Amino acid sequence: MLREVGGVAIQPRHLASCHCGAVVLELDLPNGIEDPRRCDCSICRRKGAVVASVPLSGIRVVKGAEHLRLYEFNTRTARHWFCGICGIYTHHQRRSNPGQYGFNVGCLEGVNPFAIADVPVNDGVNHPADRVEA
Ligand SMILES: [Zn+2]
């Protein structure tokens, strides 16, 4: 977990917004930014976003729910949301852990995701849900 990024303290409650501001999320981040990472799966490699984790109860859409668009593919387990106006990815419900959302750290107000040191890249090409138990 990360309680501070580039000298900016991560408050327990944080606002995140898309680029145009139509969509605003309120996040509970009691432990700061947890598990920030990038991923090389087919969708994440195109987004390139630094993504962190919250439980499903940790995100509320406080503005612009009607602008959120849902994208699903492959097994249609994961649910990827983005702003229908500016196209920015805001958050997604995970396939690997449907009890969690991943969210776009770049949408957090006042946080520079590139100020987070050593963000690991998740092996999304070999998705845990695709691995065959030996
Ligand atoms: Zn937008």
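Before reading on, note that the structure itself is shown above.
What you see is a predicted model, and the numbers here were worked out from it, not measured in a lab.

Engineer: Quick rundown of unusual backbone geometry? Include the residues and the values.
Structural biologist: The backbone of Asp35 shows a phi angle near 60°, a positive value even though the residue is not glycine. Structurally, the position occupied by Asp35 is in the loop between β4 (24-28) and β5 (38-39). Judged by its relative accessible area of 39%, Asp35 falls in the partly exposed class. In this model, Asn74 sits at a positive phi of 55°, which is unusual for a non-glycine residue. Judged by relative accessible area, which is 59%, Asn74 ranks as exposed.

Engineer: Got a sec to walk through the pairing of strand β10 (residues 89-93)? Specific residues and values, please.
Structural biologist: Extensive coverage of β10 is indicated by the burial of 5 of its 5 residues. In this sheet, β10 lies alongside strand β9 (residues 79-83) in antiparallel orientation, the contact comprising 4 bridges. Each residue of the ladder has a partner; that of Phe82, found in β10, is Tyr89. Hairpin remark: β9 followed by β10, antiparallel, with 5 residues in the connecting loop; positive phi at Gly87, about 85°. In terms of strand pairing, β10 meets strand β11 (residues 100-104) through 3 bridges, oriented antiparallel. The partner of His91 across the bridge, within β11, is Phe103. The hairpin formed by β10 and β11 contains 6 residues between the paired strands.

Engineer: For the sheet that holds strand β3 (residues 13-17), give the residues involved together with the corresponding values.
Structural biologist: Judged by pairing direction, the sheet is antiparallel, and its 3 strands sit side by side in the order β3-β4-β7 without closing on themselves. With partners counted over all chains shown, the strands left at the sheet margins are β3 and β7 (59-63), one partner each. On average, each strand axis in the sheet is tilted by 30° relative to the strand beside it, whichever way the strands run. As paired strands, β3 and β4 are joined by 5 bridges and run antiparallel to one another. When the bridges of β4 are listed, Leu15 appears paired with Glu26.

Quick notes on the rules
Residues numbered from 1 in each chain as written. Predicted model: local features only at pLDDT ≥ 70, side-chain atom pairs only at ≥ 80, totals over all residues. Heavy atoms only, no water. Helix = DSSP H or I, 4+ residues; strand = E, 2+ residues; numbered from the N terminus. Buried < 20%, exposed > 50% of the residue type's maximum accessible area, 1.4 Å probe, protein only. Pairing = 2+ DSSP bridges. Axes fitted to C-alpha atoms, helices over the stretch in contact; angles between N-to-C directions.

All we've got here are geometric facts, nothing functional implied.
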